[in-house]
Amino acid sequence: MIKRIVVTGGAGFLGSHICERLVDDGHDVICLDNFFTSQKSNVAHLLDRPNFELIRHDIVHPIWLEVDEIYNMACPAAPGHYQYNPIKTLKTSVVGAINMLGMAKRCNAKILQASTSEVYGDPEVHPQIEDYRGSVNPIGPRACYDEGKRAAETLFADYNRMHRLRIKLVRIFNTYGPRMHPFDGRVVSNFIRQALANEPITIFGDGSQTRSFCYRDDLCEGIIRLMNSPDDLIEPVNIGNPGEYTIGELAKMIVELTESSSELVYRPLPADDPTRRQPNIDRAKRHLDWEPQIGLREGLTKTIEWFKTIDAEQFRPPTPNY
Ligand code: NAD
Ligand code: UDP
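Because the structure is a prediction, the values reported are computed rather than measured.

Peer 1: It is not clear to me how the site of ligand 2 should be interpreted in this structure. Could you clarify?
Peer 2: The full set close to ligand 2 counts 18 residues, and Thr202, Phe204, Arg211, Asp273 and Arg277 are the nearest of them. At 2.9 Å from an oxygen atom of ligand 2 is found a side-chain nitrogen or oxygen belonging to Asn174. One of the side-chain N or O atoms of Asp273 is found 2.6 Å from an oxygen atom in ligand 2. Within the residue set of the shell around ligand 2, elements represented by two or more residues are α5 (187-196) and β8 (201-204). For the shell around ligand 2, the class distribution of residues is 7 nonpolar, 5 polar and 6 charged.

See the structure below:
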């Protein structure tokens, strides 16, 4: 059945890929984006498709549309981006969620929230299961993002309890791939950019902290499966790749894959930087029959190929923090 679907943050790294998938499936897709951390080039190839529509809109302000489904992806995701204007980040997560939930309630639409592994903070439970409630500093530099996403989950749960709204909560773990903003300051984009330019690779701390990296296509497949899952699946679902690597290991792999002559340099660890992160994906396997298909080496190779094709001058850094 053809559905009318809104994707907020639809011009971003993940949102643009979800728009592409939904347009290819024949749905009527409306992309809402204020282009804070993205550019139109991410969706330029969709603009002449009759079932795609692009609206420049900030979700902190209400909008009146008639829809069947909403993917709420809008929010700056990289630490440098979300810390640039932390108050705006919190407003996007909380006020933006209220606006989208209001639209879902009025239209009786199903709504999915792009939540994050950051709701677990610096976790005491490893790997992270969805029932773990997290360890977040409410007043630290990451709080605008972490607490905003936690409050958005609360809103979703309450709209479900109060209004029987059909909700989906996906907790996304670190994801990488083509169309990442080259100046977002995230570890994969920084290291690839530095390696391709044979510049020093900046490891924060001693590089022993871990992350689990999921390739974009795997992630988007999981999100779309979750949206299409039965209505009684309202609990949060982790989507990520359980392969866990230290940041030092990631740096060495990227140097090897790019055949770079970059040296590794060590910089201070940012405040509240989580020491480890790895998803337990049993719930996704059980309910969505989903698990990632693309390993880190293969995904990095595809991402490096994309970075080689882009002209970095075409990407406007949204913040000076890269
Ligand atoms: P991104 O920065 O590329 O995409 C976010 C998009 O939202 C951008 O196009 C941006 O311009 C837009 N946006 C920001 N504020 C807005 C507002 N107020 N109104 C309208 N549009 C707005 O980041 P991404 O990596 O594609 O992340 C997408 C979503 O997934 C985010 O909600 C993020 O928190 C979540 N997520 C991503 C990751 C990851 O590793 N990429 C991990 C966890 C969660
Ligand atoms: N990091 C790093 N060098 C960089 C950028 C990031 O060592 O140039 C580290 C960062 O301190 C963190 C990890 O890489 O421990 C992942 O950072 P990222 O910003 O990609 O995402 P996070 O998972 O922290 O939100």
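Peer 1: For this particular structure, what's the right way to read the sheet that holds strand β1 (residues 4-8)?
Peer 2: What holds strands together in a sheet is hydrogen bonding between their backbones, with the strands either parallel or antiparallel. With parallel pairing, the 7 strands of this open sheet are ordered in space as β3-β2-β1-β4-β5-β6-β11. Only two strands of the sheet have a single neighbouring strand rather than two, namely β3 (52-56) and β11 (236-239). Along the sheet, successive strands turn relative to each other by an average axial angle of 20°, direction set aside. The pairing of strand β4 (residues 69-72) with strand β5 (residues 110-116) spans 4 bridges and is parallel. Of the residues in β5, the one forming a bridge with Glu69 is Lys110.

Peer 1: Any chance you could explain the site of ligand 1 here in plain terms?
Peer 2: In the vicinity of ligand 1 lie 29 residues, with Leu14, Asp33, Thr37, Ser38 and Tyr145 positioned nearest. Contact distances for ligand 1 include 2.9 Å between an oxygen atom and a backbone N or O atom of Met73. In isolation ligand 1 exposes 820 Å². Once the protein is present, 97% of that is buried. If you list the elements that add at least two residues to the shell around ligand 1, you get α1 (13-24), β5 and α4 (143-163). It is β5 that provides the largest number of residues to the shell around ligand 1, a total of 3 residues. In the shell around ligand 1, the residues fall into 14 nonpolar, 11 polar and 4 charged.

Peer 1: Explain the layout of surface pockets to me, please; I cannot follow it from the model alone.
Peer 2: If a probe as big as a water molecule is rolled over the atoms, it shows which places are left empty. Roughly 410 Å³ of volume is contained in the second largest pocket. Around the second largest pocket, the lining is made up of 17 residues, and of these Glu153, Ala157, Leu169, Arg171 and Pro236 lie nearest the centre. At the level of secondary structure, the elements contributing two or more residues to the lining of the second largest pocket comprise α4 and β6 (167-172). For the lining of the second largest pocket, the class distribution of residues is 8 nonpolar, 2 polar and 7 charged.

Peer 1: For this particular structure, what's the right way to read the pattern of salt bridges?
Peer 2: Here the idea is simple: oppositely charged side chains can pair when their charged atoms come close. For the coordinates displayed, the defined rule picks out 19 salt bridges. Of the charged contacts in the structure, one is a salt bridge between Arg277 and Glu118, with a shortest N-O distance of 2.1 Å. With Arg277 in the loop between β13 (264-267) and α8 (282-288) and Glu118 in the loop between β5 and α4, the pair connects residues that are 159 residues apart, well separated along the chain. Residue Arg277 is classed as buried on the basis of its relative accessible area of 4%. The shortest N-O distance in the salt bridge between Arg225 and Glu221 comes to 2.8 Å.

Peer 1: Honestly, the packing of aromatic side chains in this entry has me stumped. Any pointers?
Peer 2: By convention here, two paired aromatic rings are described through the distance between centres and the angle between planes. Per the counting criterion, the structure on display carries 7 aromatic pairs. Judged by centre distance (4.3 Å) and plane angle (5°), the rings of Tyr82 and Tyr145 are stacked. Linking Tyr82 in helix α2 (residues 79-82) with Tyr145 in helix α4, this pair joins segments that are 63 residues apart in sequence. Their ring planes at 90° and their centres at 5.2 Å tell us that Trp306 and Phe307 sit as a pair that is edge-to-face. Chaining the aromatic ring pairs together yields one cluster made of Tyr120, Tyr132 and Phe173. The ring of Trp64 is capped by Arg106, whose NZ or CZ atom sits 3.8 Å from the centre of that ring.

Peer 1: I'm lost on helix α6 (residues 216-227) in this one. Help?
Peer 2: Here α6 spans 17 Å end to end across 12 residues, near enough to the 16 Å set by a 1.5 Å rise per residue. With 9 of 12 residues buried, α6 lies mostly within the body of the structure.

Quick notes on the rules
Residues numbered from 1 in each chain as written. Chains lettered and ligands numbered in written order. Predicted model: local features only at pLDDT ≥ 70, side-chain atom pairs only at ≥ 80, totals over all residues. Heavy atoms only, no water. Near = heavy atom within 4 Å. Polar contact = N/O pair within 3.5 Å; in protein donor to acceptor, adjacent residues only side chain to side chain. Helix = DSSP H or I, 4+ residues; strand = E, 2+ residues; numbered from the N terminus. Nonpolar A, V, L, I, M, F, W, Y, C, P; charged D, E, K, R; others polar. Pairing = 2+ DSSP bridges. Axes fitted to C-alpha atoms, helices over the stretch in contact; angles between N-to-C directions. Areas by Shrake-Rupley, 256 points an atom, 1.4 Å probe, with all protein chains shown as cover. 1 Å grid on protein atoms, 1.4 Å probe; cavity = no way out; pocket = protein on both sides within 12 Å on 5 of 7 lines; lining within 4 Å. Points joined across faces, edges and corners; volume = space filled by probe spheres on them. Salt bridge = Lys/Arg side-chain N within 4 Å of Asp/Glu carboxyl O. Buried < 20%, exposed > 50% of the residue type's maximum accessible area, 1.4 Å probe, protein only. Phe/Tyr/Trp six-rings, centres within 6.5 Å; stacked < 30°, edge-to-face > 60°. Lys NZ or Arg CZ within 6 Å of the ring centre and 35° of its normal. Expected span 1.5 Å × (residues − 1).

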